[in-house]
Each structure stands twice: as structure tokens, then as C-alpha cells.
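Now for the letters of each chain:
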Amino acid sequence: LMGPEGAGLIMDAAAQGDAASADLAAIICGAGIHCPQDWSGALDWLQHAAELGSARARGALAVLCADPDAAERPWARLRAEVDIAAWLAPPPGRTLHAAPLVRAFADFADARMCGWLIAQAHSRLARAEVYNPYTRGVERTPERTNSAALFSLLDTDLAQIVLYRTQGTYAQHL
């Protein structure tokens, strides 16, 4: 596991111009891993990673920008057009069932974000596993036929971190 020293080394490598480290620095700042959570800093690192040539950072920055034609703009302009507050502000939920409470939130993720997530998950899809409390491990069972995509910290991106935080914001408004 990465401790504070590891996070510091990643930040140092990012500051020295390593694109992959800058991309990871954006995730560290956005998620608040071994540092205070900082959206502005995360977006600065994401822009830096995009400028250094990180395809993942460029895709995440374009998806987070409100304009669907954003990918054709300079990275600094895209970064300036990202509205984190808008991503985190839940729209009014629609109650589908009162007890137990089931609510729907329209436009949780737009088509561009969904497309980005699907593209990131596609190569990671595998048959889903379930936890077996008797063996205290995960296993595949014939009853479980769905797929799952697992993302480690190195596999994720800032767009996913924003969406995770958005989920948390929505959950607070149930």
C-alpha cells in the first residue's frame, strides 16, 4: 500500500514532468489520499498530465469539461471549463417507492461520462465473484452470471473519482 512517503514520491515525480505520475497526482489530490482533498489541485495535476501527453488524463479532462467539443481546445482552457460544483450537486431525486425508500436521479452521468467509463471498463470485464462467508474468500458461482470490472488505484482516473464523490453526494440526499 502507498503511504504518505509514496504519495510524496509520486508528487515529486509529477513535478519533474512524468506524465503518469502527474495523472496519479490528480487522483491522489482528488480523492484526498494522504493529503487534504483538493479539487483545484487535482485539476491542475490533470491538466499537467494532459499537457505531458497522458491519453488517460486528456480523456478524463475532456469528459469532465461541460462542452462536448472540448477535446479540440487547449488543455488549460478545458481545465478552466470543468465545474466540479456542478458535478457534485445532486438534482432533485424522484421517489419511486416510499418504503423501503427507492429514489431515481436523472442525469447522474451524461452520455460522454458513460461512454468513458464503458471504454475504461471494457478490457477489465470478468465474471463477477461473490464472497463466501464459510471459506472467507471470493468465488464464482453458477447463480451469478453478471460481469464486473475491478479498478485499482493505478487503473482509475480523476473522472471516476469525481463520479464516486457524486455518488456520495447523491446518497446524502436520499
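Structure: see above.
Overview of the structure. Nothing here was measured: the structure is a model prediction, and the numbers come from that model. (Residues numbered from 1 in each chain as written. Predicted model: local features only at pLDDT ≥ 70, side-chain atom pairs only at ≥ 80, totals over all residues. Heavy atoms only, no water.)

Considerations on the overall build of the protein
So, step 1. When helices and strands are tallied, the protein shows eight helices and six strands.
So, step 2. Written out in order from the N terminus, the α and β elements of the protein read α-α-α-α-α-α-β-β-α-β-β-β-β-α.
So, step 3. For the protein, the C-alpha atoms occupy an extent of roughly 50 × 40 × 30 Å along the three principal directions.
So, step 4. In the protein, which comprises 174 residues, the proportion classed as buried is 34%.
So, step 5. For the protein, restricting intrachain contacts to residue pairs at least 6 apart in sequence, the fraction spanning at least 24 positions comes to 54%.
So, step 6. Positive and negative side-chain charges of the protein, numbering 14 and 19 respectively, have mean locations separated by a distance of 7 Å. (Helix = DSSP H or I, 4+ residues; strand = E, 2+ residues; numbered from the N terminus. Buried < 20%, exposed > 50% of the residue type's maximum accessible area, 1.4 Å probe, protein only. Contact = heavy atoms within 4.5 Å. Lys, Arg positive; Asp, Glu negative; His and termini not counted. Charge placed at Lys NZ, Arg CZ, Asp CG, Glu CD.)

Topic: the environment of Leu-46
So, step 1. With respect to the element layout, Leu-46 can be found in helix H3 (residues 39-51).
So, step 2. Given a relative accessible area of 0%, Leu-46 falls into the buried group.
So, step 3. Sequence spacing of Leu-46 and Leu-24 is 22 residues, and the spatial spacing of their C-alpha atoms is 8.5 Å.
So, step 4. For Leu-46, the contacting residues outside a window of four places in its chain are Asp-23, Ala-26, Ala-57, Ala-60, Leu-61, Leu-64 and Leu-158.

Observations concerning unusual backbone geometry
So, step 1. Between Ala-99 and the following residue, Pro-100, the backbone shows a cis peptide bond with an omega angle of -5°.
So, step 2. With respect to the helices and strands, Pro-100 occurs in the loop between strand S1 (94-97) and strand S2 (102-104).
So, step 3. Notably, Arg-136 is not glycine yet its phi reads approximately 55°, a positive angle.
So, step 4. Its location among the elements puts Arg-136 in the loop between strand S4 (130-132) and strand S5 (137-139).
So, step 5. Residue classification places Arg-136 among the exposed residues on the basis of a relative accessible area of 69%.

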